[in-house]
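Geometric and topological summary
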Amino acid sequence: MENNLRPESMARITTIELANAFIEEQIKEVRAQVGDKKVLLALSGGVDSSVVAALLIKAIGKQLVCVHVNHGLMRKNESENVVEVFRNQLDANLVYVDATDRFLDLLAGVSDPETKRKIIGKEFIEVFAEEARKQEGISFLAQGTIYPDILESIKQAEGKKAVKSHHNVGGLPEDLQFELVEPVKLLFKDEVRMVGRALGLPSAMVDRQPFPGPGLGVRCLGAITRDRLAALREADAILREEFDICGLAGKVWQYFVVIPDIKSVGVKDDSRYEGWPAIIRAVNSKDAMTASIEPIDYAVLAKITARITSEVAGINRVLYDITPNPTGTIEWE
Ligand code: XMP
């Protein structure tokens, strides 16, 4: 545990210059650690794994093999953006796996939130491990571990309990135990973002709001169906677009849409129209342990409501969740 602790002398990375110095230092360290061997990385598209990927591409180029598993629970265009940035712009060695059907078939009919999380986490390892076995000569596994993850595991080792499991990916199978490369493990999130900026990653990636590992899976409440998931993805994209337009995107910590598994009666084109409600959640938080509500301007809510109900098939109402945490956790599941 000792060398997992951040030395007090380590300066906070608050500028691009400091980030560049960190990058240069890490490039040397990674090259010394890896030599001419190959490194595997699960590239989710989140801030941490994206920054690690960009850093390692700079350090070891094509010796890095990135695997992006699309579990079918990503937000609109997210997987496409990963491919665009890493394969097309950064010329990464990227394996893209569309595993949507595998995940959605396994999740069909499963309504318990923790069971859904477990299925997603387990299948993710399964798919990633399959891809890893197809690769030859991998010696290292890169991970986007950051300092809060290390602090969290210390807390857990001390026996402190969490309200719900927040697992994304557990350990890999025994035959795939690689030496770890964790270049940002002593950095806090804001420092990781600064390093990402210095590496030239787009703001959509670096400033990405927190997004749960099980993705839209815990926002399509109860048993996931493809039609409700598609409606959720579209409604969420509209919310994000409108938050960009009115300037809330840079201000609110996390915002998203949730769709419960209930229908209500509505009316469209003079006919009865049964649909799901889209629930908007927009919260501010420092550490995700508690959350307060962003008071959204009524005109903004009205515009979002008008767009979602007219543009998204299957939705006939929009609700705005004003519950802080406590008592409402940020995600509904
Ligand atoms: P809750 O819902 O517990 O969420 O208030 C706190 C923060 O954690 C995120 N979250 C998750 N992140 N895997 C993750 O990586 C998960 O299973 C998960 N569940 C919740 C949530 O989005 C919020 O930022």
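Attention here is on the structure that accompanies the text.

Considering the packing of aromatic side chains
One pass over the structure, following the stated rule, counts two aromatic pairs. Each ring, one from Tyr 147 and one from Phe 188, has its centre 5.4 Å from the other, and the planes form 90°; the classification is edge-to-face. Here the residue Tyr 147 occupies a position in helix 6 (residues 147–157), and Phe 188 occupies one in the loop between strand 5 (179–181) and helix 7 (189–198), the gap between them amounting to 41 residues. Since its relative accessible area comes to 8%, Tyr 147 is described here as buried. Its end group placed over the ring of Phe 211, Arg 75 keeps NZ or CZ at 4.0 Å from the ring centre. A cation over an aromatic ring shows up here: Lys 263 above the ring of Trp 276, its NZ or CZ 5.0 Å from the ring centre.

Details of the sheet that holds strand 3 (residues 93–98)
Hydrogen bonds between backbone atoms are what pair the strands of a sheet, whose relative direction is either parallel or antiparallel. With parallel pairing, the five strands of this open sheet are ordered in space as 3-2-1-4-5. This sheet does not close on itself; its edge strands, each paired only once, are strand 3 and strand 5. Going across the sheet, the axis of each strand differs from the next one's by a mean of 30°, ignoring polarity. The sheet contact formed by strand 2 (residues 64–70) and strand 3 spans six bridges and is parallel. Counted as the bridge partner of His 68 is Tyr 96 from strand 3. Packed onto the sheet, helix 2 (residues 47–60) meets strand 1 (38–42), strand 2, strand 4 (138–142) and strand 5 and runs at close to 160° relative to strand 1. Packing of helix 3 (residues 78–89) onto the sheet brings it into contact with strand 2 and strand 3, and relative to strand 3 it is tilted by some 165°.

Conventions used here
Residues numbered from 1 in each chain as written. Predicted model: local features only at pLDDT ≥ 70, side-chain atom pairs only at ≥ 80, totals over all residues. Heavy atoms only, no water. Phe/Tyr/Trp six-rings, centres within 6.5 Å; stacked < 30°, edge-to-face > 60°. Helix = DSSP H or I, 4+ residues; strand = E, 2+ residues; numbered from the N terminus. Buried < 20%, exposed > 50% of the residue type's maximum accessible area, 1.4 Å probe, protein only. Lys NZ or Arg CZ within 6 Å of the ring centre and 35° of its normal. Pairing = 2+ DSSP bridges. Axes fitted to C-alpha atoms, helices over the stretch in contact; angles between N-to-C directions. Contact = heavy atoms within 4.5 Å.

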